[in-house]
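# Breakdown of the fold
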Amino acid sequence: MRTLLALCLAGLALGLTACVGGRSPEARFFQLQPGQPAAAAPAIDPSIFISVKTVNLESYLRQPRMAERINPHEVRYHEFRRWAEPLDRNITRVITENLRQLLKTELLATTPPASETHPVLSLQIDVKRFERQPDGRVLLSASWLIQPPKTSPASTKAGTADLFSTVVSKDASDITSA
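Analysis parameters
- Residues numbered from 1 in each chain as written.
- Predicted model: local features only at pLDDT ≥ 70, side-chain atom pairs only at ≥ 80, totals over all residues.
- Heavy atoms only, no water.
- Helix = DSSP H or I, 4+ residues; strand = E, 2+ residues; numbered from the N terminus.
- Expected span 1.5 Å × (residues − 1).
- Buried < 20%, exposed > 50% of the residue type's maximum accessible area, 1.4 Å probe, protein only.
- Contact = heavy atoms within 4.5 Å.
- Core = buried A, V, L, I, M, F, W, Y, C linked by side-chain atoms within 4.5 Å.
- Salt bridge = Lys/Arg side-chain N within 4 Å of Asp/Glu carboxyl O.

## As for helix α2 (residues 87–103)
Helix length check: α2, at 17 residues, gives a terminal C-alpha distance of 24 Å against a target of 24 Å (1.5 Å per residue), a fit within 8%. Within the span of α2, buried status applies to Leu87, Asn90, Ile91, Thr92, Val94, Ile95, Thr96, Leu99, Arg100 and Leu103. As for α2, its buried residues are in contact with β2 (49–52), β3 (56–57), β5 (74–83), β6 (108–109) and β7 (120–132). Where α2 terminates, the next one or two residues include Lys104, which has phi positive at roughly 50°.

Dropping the structure here:
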C-alpha cells in the first residue's frame, strides 16, 4: 500500500513539474480588414438603402480556431491561431465597409432602416469554405443573393464564387491577408 502511495505521489510530482516547466506557444489572434477599392463602382441609385445581412458560415467555420484543409476529407484547426472576433461578424463588417467605399454611399448597414423612407436592396452571403489549401493558397467559396427593393421591377440575382488567393501562404495565419 505504501509503495502504491509513493508511486502515485511520484507520478503527481512528475506531472506537476511538466505543467510548470513546459510552456505552450502564445496564442495569436487575427482579423480580416477592409481593402482598398480596386475599380470604379457601378452606378447605383443614391436613394436605395443596402442591407448587408449577417454572413452565414458552414458549421465547421463557426469556431475561433483557423481552419486548414489537409485533404478533401480532413480539416486541421490551429489551436494557437484564432479569430479575434466571430468570423461571421468579421466578414459582414468587412463586406459592409468595402461596399461603402466602393459605392461611395452611407445608405448601407447590416440592419435595414426602421422607417421605409428608402427602398431596401438586400444582400445575403453564405460562406461554404474559407481555409488554407494544401498547396498554400487560400480559398473562399461562397454563394450570394441580391434581392432588389420591393418597388423595383428588377429580379432577384444569385450566384456563387470560388476565390483563390494569388499569394501562396506558408502559414495558416496568412489567410487574413489573402
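Back to the write-up after that little detour.
## What to know about the nonpolar core
Counting 26 residues, the largest nonpolar core has Ile91, Ile95, Val127 and Phe130 as its most contacted members. For this core, the elements supplying multiple residues, two or more each, are β2, β4 (65–71), α2, β7 and β8 (138–147). Per element, the largest residue contribution to this core is six residues, and it comes from α2. Once you skip the residues sitting within four places of it in the chain, Ile95 turns out to touch Val52, Val55, Leu123 and Ile125.

## Concerning the pattern of salt bridges
Going through the model one piece at a time under the given rule, you end up with 11 salt bridges. Two residues, Arg132 and Glu68, come together in a salt bridge whose shortest N-O distance is 2.3 Å. With Arg132 in strand β7 and Glu68 in strand β4, this pair connects stretches of sequence that are 64 residues apart. The class of Arg132 is buried, set by a relative accessible area of 12%. Residues Arg69 and Glu131 are paired through a salt bridge, measuring 2.9 Å at the closest nitrogen-oxygen approach. Of this pair, Arg69 sits in strand β4 while Glu131 sits in strand β7, and the two are 62 residues apart along the sequence.

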